[in-house]
Amino acid sequence: MDTKVSAAVLARPGHVEIREFDMPPLGKGAAICRVLMAGVCGTDKHSYRGETVQYKGTENEIDLPFPIIQGHEIVMEIVAIDEEGARNLSYDGDYLKVGDRVTICPDVVCGKCWYCKNIPSYPWCEHLQFSYGNMRSCNDGNHLYGGFSQYLYIEPGTRVYKVPDGLPNSMACFTEVMCVAYTLEKAREFSGFSLEGFNFGDTVAVQGSGPLGIAHIAMARMMGAGKIIATDISDYKLEIAKAFGADVVMNSEKTTPEERIARIKAETHGRGADIVVECVGRPEVFPEGLKYLRKAGMYLEPGNFVDCGGVDVNVHEICANNLRIIGMTNHTHNCYHTVMEMMLREKDRFPWDKLFSHVFPLAEAEKAIQTSMTKESMKVLIDPWKQ
Ligand SMILES: [Zn+2]
Ligand SMILES: [Zn+2]
């Protein structure tokens, strides 16, 4: 195994530098992995821009502890693991060994608090230990806690998942994003009540057609959505939304809010969408999205993971239209295996290649983040071994 590790470090907002670390020794119950590929997430862009407060108003509120190695959408190969790690790290109960291809849930929880015990499938922990690529400085512990690096150090308590054979690295990197699209599964839980939540054949409107929006479009299709309507400010992204199954797309820079609301009503017998999902990651789109809904429609909010401030909302409209608003920070960590199996099964159904628009070497990590913020990019990947 290498003794030195190169990683892209976000030293402070807007400043990425390549640093060299000593390979940490393997601790008890831990694993060391060679990173094969890592995705640039919306959260990484927020951090780069200086929008660094997460979990605001909760016991886990944090302002990111720079310097950090970013990257939490990661596919890796295990290069070192002890017996305890081999037996305990897999969430699915697999015995892990050197050479296994794996991914992780970024959130490491305590397993002991009220939320961990009572809502065990969600990382809503009161004592969130940390989150890979995000919440632990590379000055601390075993340093290598982000995917924009040649190696990642996996601490005991991490949820590790074996990647099925045949799933390309790029798609394996997308697992965490697809897991966030389990917001639609949450909405479906409400379908046990008459005309509530997400039902077969429902109209789903997705605000924002970046990678998270595309994940929701693909998931909505797989789960039996009827009409899918997507918005974005980029025609390039809207073309990909169409290729993934959106029936109607609207460019938010070329249409007015009134036109978009009217179009959605026209597409739904004048009633409005059954489900709206916010995948822009900006609070400004929230009031408009509420107006897309039919009475008792459900608004899903997974996008504003980072604190970007508030907006004015007419609360009366929520009351008058019996709206249901579901906030979803994080994602269920028991769906990784299912998501990977489903992506493998649907490998030829969706044009995944269009989703992975760029692959950068580690030395160009900053360019990768900047590229991911442009209109002409989708999921940007970093291959730390690419020259
Ligand atoms: Zn992510
Ligand atoms: Zn906990």
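It should be noted that the structure appears before, not after, this text.
Residues numbered from 1 in each chain as written. Chains lettered and ligands numbered in written order. Predicted model: local features only at pLDDT ≥ 70, side-chain atom pairs only at ≥ 80, totals over all residues. Heavy atoms only, no water.

A word on the overall build of the protein. When helices and strands are counted, the protein shows 14 helices and 20 strands. Along the first, second and third principal axes, the C-alpha set of the protein runs to 65 × 40 × 40 Å. With 387 residues in all, the protein has 59% of them scored as buried. Counted over contacts in the protein with a minimum sequence separation of 6, partners at least 24 positions apart contribute 70%. In the structure as shown, the protein presents an accessible area of about 15500 Å², 49% of it carried by carbon and sulfur atoms. Within the protein, one finds 40 positive and 51 negative side-chain charges whose respective centroids are separated by 3 Å. (Helix = DSSP H or I, 4+ residues; strand = E, 2+ residues; numbered from the N terminus. Buried < 20%, exposed > 50% of the residue type's maximum accessible area, 1.4 Å probe, protein only. Contact = heavy atoms within 4.5 Å. Areas by Shrake-Rupley, 256 points an atom, 1.4 Å probe, with all protein chains shown as cover. Lys, Arg positive; Asp, Glu negative; His and termini not counted. Charge placed at Lys NZ, Arg CZ, Asp CG, Glu CD.)

Attention shifts here to the coordination of the zinc ion (ligand 1). At this site the zinc ion (ligand 1) is bound by Cys41 (SG), His72 (NE2), Glu73 (OE) and Glu176 (OE), with donor distances of 2.1 to 2.6 Å. What the four donor atoms of the zinc ion (ligand 1) show is an angle range of 83 to 161° at the metal, which sorts the shape as irregular. Ordering the donors of the zinc ion (ligand 1) by residue number gives the pattern C-x30-H-E-x102-E. Here His72 is found in the loop between β6 (68-69) and β7 (73-81), whereas its partner Glu176 is found in helix α5 (residues 175-180), with 104 residues between them in sequence. (Donors = N, O, S within 2.8 Å, 3.2 Å for Na, K, Ca; no water. Tetrahedral: all angles 85-135°; square planar, octahedral: opposite > 155°, others 65-115°.)

Each pair of donors in an ideal octahedron of six around a metal sits at 90 or 180 degrees, and each pair in an ideal tetrahedron of four sits at 109.5 degrees. The protein atoms that coordinate the zinc ion (ligand 2) are Cys110 (SG), Cys113 (SG), Cys116 (SG) and Cys125 (SG), at distances spanning 2.3 to 2.4 Å. Along the chain, the residues donating to the zinc ion (ligand 2) are arranged with the sequence spacing C-x2-C-x2-C-x8-C. The buried category is assigned to Cys125, whose relative accessible area is 1%.

Moving on, we get to the packing of aromatic side chains. As enumerated under the stated definition, the model contains 14 aromatic pairs in all. Both rings, one in Phe174 and one in Trp352, keep their centres 6.3 Å apart while their planes meet at 70°; by these two values the pair is edge-to-face. Of this pair, Phe174 sits in the loop between α4 (169-173) and α5 while Trp352 is found in helix α13 (residues 352-355), placing the two residues 178 residues apart along the sequence. For Trp352, a relative accessible area of 4% corresponds to the buried category. Ring plane angle 85° and centroid distance 5.0 Å describe the contact between Phe286 and Tyr299, whose orientation is recorded as edge-to-face. Here Tyr299 lies in strand β17 (residues 293-301) and Phe286 lies in helix α10 (residues 286-291), a separation of 13 residues in the sequence. Every member of this aromatic cluster is reached through a ring pair, and the members are Phe174, Phe244, Phe350, Trp352 and Phe356. (Phe/Tyr/Trp six-rings, centres within 6.5 Å; stacked < 30°, edge-to-face > 60°.)

On to the sheet that holds β6, then. If you walk across this open sheet you meet the three strands as β2-β1-β6, and the pairing is antiparallel. Edge positions in the sheet fall to β2 (15-22) and β6, since each of these pairs with one other strand and no more. (Pairing = 2+ DSSP bridges.)

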